[in-house]
Amino acid sequence: MVLIGAHTHGDDPVATAAELGAQCVQLFLADPQGWKKPVPRADADALVASGLGIYAHAPYLVNVASTNNRIRIPSRNMIAQHASAAADLGARGLVVHGGHVGDGDDIATGIDNWRKTFERATFPVRVLVENTAGGENACARTLDRIALLWDAIGQYDVGLCLDTCHAWAAGEDLETIVDRVRAITGRIDLVHANSSRDDAGSQRDRHAGYATGTIPPELVAHVVREAGCDAIVETPPEGQAADIAFLRAALAG
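What you see is a predicted model, and the numbers here were worked out from it, not measured in a lab.

Concerning the overall build of the chain
Line of reasoning, step 1. A tally of regular secondary structure across the chain gives nine helices and ten strands.
Line of reasoning, step 2. Each of the 253 residues in the chain was classed as buried or not, and the buried ones make up 52%.
Line of reasoning, step 3. Contacts spanning at least 24 positions in sequence make up 73% of the contacts within the chain whose residues lie at least 6 apart.
Line of reasoning, step 4. About 10,800 Å² of surface is accessible on the chain, with carbon and sulfur atoms providing 49% of the total.
Line of reasoning, step 5. Taken together, the 21 basic and 32 acidic charged side chains of the chain have centroids lying 6 Å from each other.

A short note on the nonpolar core
Line of reasoning, step 1. One finds Trp114, Ile153, Leu162, Ile188, Val191 and Leu247 to be the most contacted residues of the largest nonpolar core, which totals 68 residues.
Line of reasoning, step 2. Ignoring anything within four residues of it in the chain, the contact list for Ile153 reads Trp114, Arg115, Phe118, Val129 and Val158.

As for the pairing of strand 2 (residues 24–28)
Line of reasoning, step 1. Among the five residues in strand 2, five count as buried, and that is most of the element.
Line of reasoning, step 2. A two-sided burial pattern is seen for strand 2, the buried positions comprising Cys24, Gln26 and Phe28 on one face and Val25 and Leu27 on the other.
Line of reasoning, step 3. Note that strand 1 (residues 4–7) and strand 2 share two bridges and pair parallel. What sits directly across from His7, in strand 2, is Gln26.
Line of reasoning, step 4. Note on the crossover from strand 1 through helix 1 (residues 13–20) to strand 2: the handedness is right-handed.

Regarding the pairing of strand 6 (residues 158–163)
Line of reasoning, step 1. The element strand 6 is largely enclosed, with a buried count of six among its six residues.
Line of reasoning, step 2. By the alternation rule, side chains of strand 6 split into Val158, Leu160 and Leu162 and Gly159, Cys161 and Asp163, which are all buried.
Line of reasoning, step 3. Relative to strand 6, strand 5 (residues 127–130) runs parallel, the two being bridged by four bridges. Bridge pairing in strand 6 links Leu128 to Gly159.
Line of reasoning, step 4. As a crossover connection, the stretch from strand 5 through helix 5 (residues 143–153) into strand 6 is right-handed.
Line of reasoning, step 5. Strand direction decides the pairing type here: strand 6 and strand 7 (residues 190–192), joined by three bridges, are parallel. Residue Leu162 lies in a different strand from strand 7, and its bridge partner there is Val191.

Cut-off values and rules
Residues numbered from 1 in each chain as written. Predicted model: local features only at pLDDT ≥ 70, side-chain atom pairs only at ≥ 80, totals over all residues. Heavy atoms only, no water. Helix = DSSP H or I, 4+ residues; strand = E, 2+ residues; numbered from the N terminus. Buried < 20%, exposed > 50% of the residue type's maximum accessible area, 1.4 Å probe, protein only. Contact = heavy atoms within 4.5 Å. Areas by Shrake-Rupley, 256 points an atom, 1.4 Å probe, with all protein chains shown as cover. Lys, Arg positive; Asp, Glu negative; His and termini not counted. Charge placed at Lys NZ, Arg CZ, Asp CG, Glu CD. Core = buried A, V, L, I, M, F, W, Y, C linked by side-chain atoms within 4.5 Å. Pairing = 2+ DSSP bridges. Right-handed = clockwise from strand over helix to strand, strands pointing away.

Have a look at this one:
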């Protein structure tokens, strides 16, 4: 069964899910803007017992594509640490942004750094590489780049998280995005079902609720319907419940 849920912002994801009508939750397991490793959660037993589908999101600083050892090596460690903590919660996956190389660096080096990440370690939950919105040096913004990345890592136990806002910002056609991504990766494991504050092709990562965003809400639902996998709504907290309700009704119709 496809689960529709939310990225949770409070300290009690189980209670937040009940308030939002969410069937699954996505959460950070440590400071999303820091390098600290996860610590055991006081609500771990409640999360496991809740029956919610659980996804973890790695901190934003993680960038295993980087040519800078001071970023790449800690990033690999972070993936291992967060995957272990996610496994303790019975998570379905760990979402990790596709990353980027520095100005003047060869994108092929960044993609090979991704390959080395999986070549040198296995993880207790599936890593879900998320497409990104902008950046000429990004490894997972365009489908051409995703194809290069999958040529390098597709042999490993890796999945894909498709963010509708990011794809829209990258200038991709959401009507056909699912088939085109699947033709490259063979899979989509999770959808981040978001609208955008900006026009298509903006390369700006600014999520919006369905009522105010520039992506037609039915187009977001179309992507989730075509993907046939769990969806996490990462829209602003004040509208998440309405967005989840819309998405569920659209998929049931």
